[in-house]
Amino acid sequence: MSPATFTGYNCIMPTEREPSPGQRDDRHGPGWCSAAFFHPWAAGPPSPKYRWALFGTAAQAIGDLARCLDDGEAGERGPSAARLLRAVPRPGALAVHVDDSWACVVYEVGAGVHLSDAGDAFFAGWRTAWVDRRFGLINANRPVIC
């Protein structure tokens with residue numbers, strides 16, 4: 001599947017269909033975006049669900065991800081992760097480990113970079129940095145911002 005192709009299987013969307021504040025239907029940066037990764041600790045390539053929109057600020061992308069998690073599409077701890085995201089004091093790039101099935105990232109997309117390429121790179125860096133501490137995240141039994 002090309003990076004520009006999206007379906008219901010590889011996108012994360014809020015239940016309410018009206019646009020989130022700051023939402024742009026761009027696929028190339030600059031901007032901010034989010035993605036959810038199913039089974040983040042499984043061997044092999046990740047299974048991402050991208051938010052196929054860009055936002056002007058990290059705060060807007062975090063707010064949009066919180067809307068997406070509210071409906072529980074990312075597991076029963078999605079709404080708890082949404083509340084945690086809404087309490088972030090200084091918005092910026094981050095990962096939220098929802099549970100052992102889901103991790104979500106909010107990341108910056110550079111000028112001219114496709115949002116899926118930037119998301120994959122950010123997730124890969126986060127996963128590499130946290131792989132040795134993954135059992136602490138899994139055993140926390142609650143969403144954790146990393």
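Check the entry above for the structure.
Residues numbered from 1 in each chain as written. Predicted model: local features only at pLDDT ≥ 70, side-chain atom pairs only at ≥ 80, totals over all residues. Heavy atoms only, no water.

Participant: Tell me what's going on with the pattern of salt bridges, and back it up with residues and numbers.
Facilitator: Taken as a whole, this structure holds five salt bridges when the rule is applied. Ionic pairing is found between Arg67 and Glu16, a salt bridge with its closest N-O pair at 3.8 Å. Within this pair, whereas Arg67 is found in helix 1 (residues 58-70), its partner Glu16 is found in the segment before strand 1 (31-38), the two being separated by 51 residues in sequence. The class for Glu16 is partly exposed, based on a relative accessible area of 48%. For Asp64, the salt bridge is made with Arg51, and the minimal N-O distance between the two is 2.7 Å. Highlighted residues: Asp64 in helix 1 and Arg51 in the loop between strand 2 (47-50) and helix 1, separated in sequence by 13 residues. In this pair, the class of Asp64 matches that of Arg51, namely buried. One connected set of salt bridges, linked through shared partners, spans Glu16, Glu18 and Arg67. (Salt bridge = Lys/Arg side-chain N within 4 Å of Asp/Glu carboxyl O. Helix = DSSP H or I, 4+ residues; strand = E, 2+ residues; numbered from the N terminus. Buried < 20%, exposed > 50% of the residue type's maximum accessible area, 1.4 Å probe, protein only.)

Participant: Kindly report on the state of the cysteines, identifying the contributing residues and their values.
Facilitator: All told, the structure shown has zero disulfides when counted by the stated rule. Of all cysteine sulfurs, the one in Cys68 lies closest to Cys33, which takes part in no disulfide; the gap is 9.5 Å. Cys146 forms no disulfide, and the closest cysteine sulfur to it belongs to Cys104, at a distance of 11 Å. (Disulfide = S-S within 2.5 Å.)

Participant: Please give an account of the side chain of Arg67 that cites residues and values.
Facilitator: On the accessibility criterion, Arg67 (17% relative accessible area) is buried. Within the structure, Arg67 has its side chain in polar contact with the backbone oxygen of Glu18 (distance 3.3 Å). Other than its neighbours up to four places away in sequence, Arg67 contacts Pro14, Glu16, Glu18, Pro19, Ser20 and Arg86. (Polar contact = N/O pair within 3.5 Å; in protein donor to acceptor, adjacent residues only side chain to side chain. Contact = heavy atoms within 4.5 Å.)

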